[in-house]
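Coordinate inspection notes
Each chain, letter by letter, is given below.
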Amino acid sequence: MRRRLLLAATLAAPALVRPAFAQTGGSARPIRLVVPFPPGGTVDLLGRLAARELEAGLGQPVVVDNRAGAGGMIGSDNVAKSPPDGLHLVVSNIASHGVGAAVNRTMPYDPLRDFTHIGLIAAVPTALGVARDGKYETLAQFLAAARVSAGAVKVGSSGNGTTGHAKTEMLSRMAGVELLHVPYRGAAPAVLDVLAGQTDGVMAAVADIGRNDKLRLLAITSAERAIRWPSVPTFAELQFPGLVANNWFGLSGPAGMDPAVAARINAALVRGLNTPAMAERLADLGTRPNQMSAADYTALVASELPRWAQIVREANIRVD
């Protein structure tokens, strides 16, 4: 976590002091990249990494604008209602354009109709963690305990209606057990209660909990094992192939953007993400570089919406 915060701070500084019209080609007008979550987290870190690569690839300044609130909806809605001129972008993500659309009955925008989806930045896996000195050493043991008594095994997440909550419900249904979800205000307090023995596990981004040596990671939601955590099996390896469910983050703009402009931004993003230096930074988050066209990323968002809507409906997940 300390390494991630230092990296975010390093990336944040240039975005604030950069001349408004510095350029090496392309448009002199700056691109405003809205990060719909507070500074310091995974969304902010990925947004700043993307901003730096876009600047290098497009030859025009990119200003990061943190507009947090309502699970990413406030910043996303701001971009949805901006001119489709290629100068207003948002870090669209699984919360603001996936799970959130299913959980929130009244959305200020349509995640597909109101956006031009440009490209994927990263797909970050979630992990199920337990206390290292506790009674669970494997996922099989964890689920066996849940089968003894419905709701006896408690799993914390960073809040109601979050991806951690939804993935806990996914695991419950796939395993045929009833895990008791316990919402917290963030992953950190959820981890503290696991270590204190108040809850049995925590479902959170591997980058948030994977470096805590007091936790044991039982499984990870990526399709393959993470570079930094090679000993942690995937849920798919453990007979849950349907639980390949990463937290995805990408670039989107308002609906109606010129396809040529979107393609130009996508090309700059892909070039930047597929460098050795970026591969190292993404590995710290438990992921690898991905290459998606605008059409591919649009298809990803479209496929995720019904998937999470089904989980939310079946589990009756509601935001209080």
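Residues numbered from 1 in each chain as written. Predicted model: local features only at pLDDT ≥ 70, side-chain atom pairs only at ≥ 80, totals over all residues. Heavy atoms only, no water.

Section: the sheet that holds strand β5 (residues 126–131)
Hydrogen bonding along the main chain pairs the strands of a sheet, whether they run parallel or antiparallel. The strand order β7-β6-β8-β5-β9 describes an open sheet built from 5 strands, whose pairing is mixed. With one partner strand each, in any of the chains shown, β7 (180–183) and β9 (215–220) form the two edges of the open sheet. Neighbouring strand axes in the sheet, compared pairwise and without regard to direction, differ in orientation by 30 degrees on average. Summarising the sheet, β5 and β9 pair through 5 bridges and their orientation is antiparallel. (Pairing = 2+ DSSP bridges. Helix = DSSP H or I, 4+ residues; strand = E, 2+ residues; numbered from the N terminus. Axes fitted to C-alpha atoms, helices over the stretch in contact; angles between N-to-C directions.)

Comments concerning unusual backbone geometry
Where the residue is not glycine, phi is negative for most of them; where a peptide bond is considered, it is trans in most cases. Not every positive phi belongs to a glycine, and Ala-70 is a case in point at roughly 55 degrees. Topologically, Ala-70 is positioned in the loop between β2 (62–66) and α3 (73–80). Positive phi, close to 55 degrees, is recorded for Asn-316, a residue that is not glycine. Positionally, Asn-316 belongs in the segment after α11 (294–315).

Some points on the pattern of salt bridges
Scanning the entire structure with this criterion turns up 14 salt bridges. When the shortest N-O distance is used, the salt bridge between Asp-65 and Arg-67 registers 2.9 Å. Residue classification places Arg-67 among the partly exposed residues on the basis of a relative accessible area of 34%. Between Arg-228 and Glu-280 there is a salt bridge, with the nearest N and O atoms lying 3.1 Å from each other. Of this pair, Arg-228 sits in the loop between β9 and β10 (247–254) while Glu-280 is found in helix α10 (residues 276–283), placing the two residues 52 residues apart along the sequence. The partly exposed category is assigned to Arg-228, whose relative accessible area is 31%. In this structure, a network of salt bridges that share partners links the residues Arg-211, Arg-228, Glu-280 and Asp-284. (Salt bridge = Lys/Arg side-chain N within 4 Å of Asp/Glu carboxyl O. Buried < 20%, exposed > 50% of the residue type's maximum accessible area, 1.4 Å probe, protein only.)

Describing the pairing of strand β8 (residues 201–205)
For β8, the buried fraction is high: 5 of the 5 residues fall into the buried class. Of the pairings in the sheet, the one linking β5 to β8 comprises 4 bridges and is antiparallel in character. Each bridged residue has a counterpart across the sheet, and for Ala-127 the counterpart in β8 is Ala-204.

Observations concerning the pairing of strand β3 (residues 88–93)
Burial within β3 is extensive, with 6 of its 6 residues counted as buried. Of the two faces of β3, both are covered, the one formed by His-88, Val-90 and Ser-92 as well as the one formed by Leu-89, Val-91 and Asn-93. Pairing of strand β1 (residues 31–35) with β3, which is carried by 3 bridges, proceeds in the parallel orientation. Note on β3: the bridge partner recorded for Arg-32 is His-88. Note that β3 and β10 share 4 bridges and pair antiparallel. Looking across to β10, one finds that Val-91 is bridged to Leu-251.

Some points on helix α7 (residues 187–195)
Restricting attention to buried positions, one finds in α7 the residues Ala-187, Ala-190, Val-191 and Val-194. Summarising the axial view, the buried residues of α7 lie within an arc of 100 degrees, below the 170-degree limit, and thus occupy one face. Along α7, the residues that are exposed and aim more than 90 degrees away from the buried face are Ala-188 and Leu-192. On its buried side, α7 packs onto β5, β6 (154–157), β8, α8 (206–209) and β9. (Arc of directions from axis to C-beta. Contact = heavy atoms within 4.5 Å.)

Looking at the confidence of the model for the chain
Overall, the prediction assigns the chain a mean pLDDT of 90, with 91% of residues at 70 or greater. Counting interchain partners and residues more than four positions distant, the pLDDT-below-50 stretch residues 5–25 has 34 contacts. (pLDDT = per-residue confidence, 0-100.)

Focus: the sheet that holds β2
Taken in spatial order, the 5 strands make up an open sheet running β2-β1-β3-β10-β4, and their pairing is mixed. Whereas interior strands pair on both sides, the edge strands pair on one side only; in this sheet they are β2 and β4 (115–124). For this sheet, the mean angle separating the axes of adjacent strands, direction not counted, is 25 degrees. The pairing of β4 with β10 spans 8 bridges and is antiparallel. Along β10, the bridge assignment pairs Ala-122 with Phe-249. Those strands touched by α3 are β1, β3, β4 and β10, and its axis lies near 140 degrees from that of β3. Contacting β3, β4 and β10, helix α4 (residues 94–103) runs over the sheet at an angle of about 50 degrees to β3.

Quick look at the environment of Ala-68
Within the element layout of this structure, Ala-68 appears in the loop between β2 and α3. Note on Ala-68: relative accessible area 37%, which makes it partly exposed. When the C-alpha positions of Ala-68 and Leu-238 are compared, they lie 36 Å apart, and in sequence the two are 170 residues distant.

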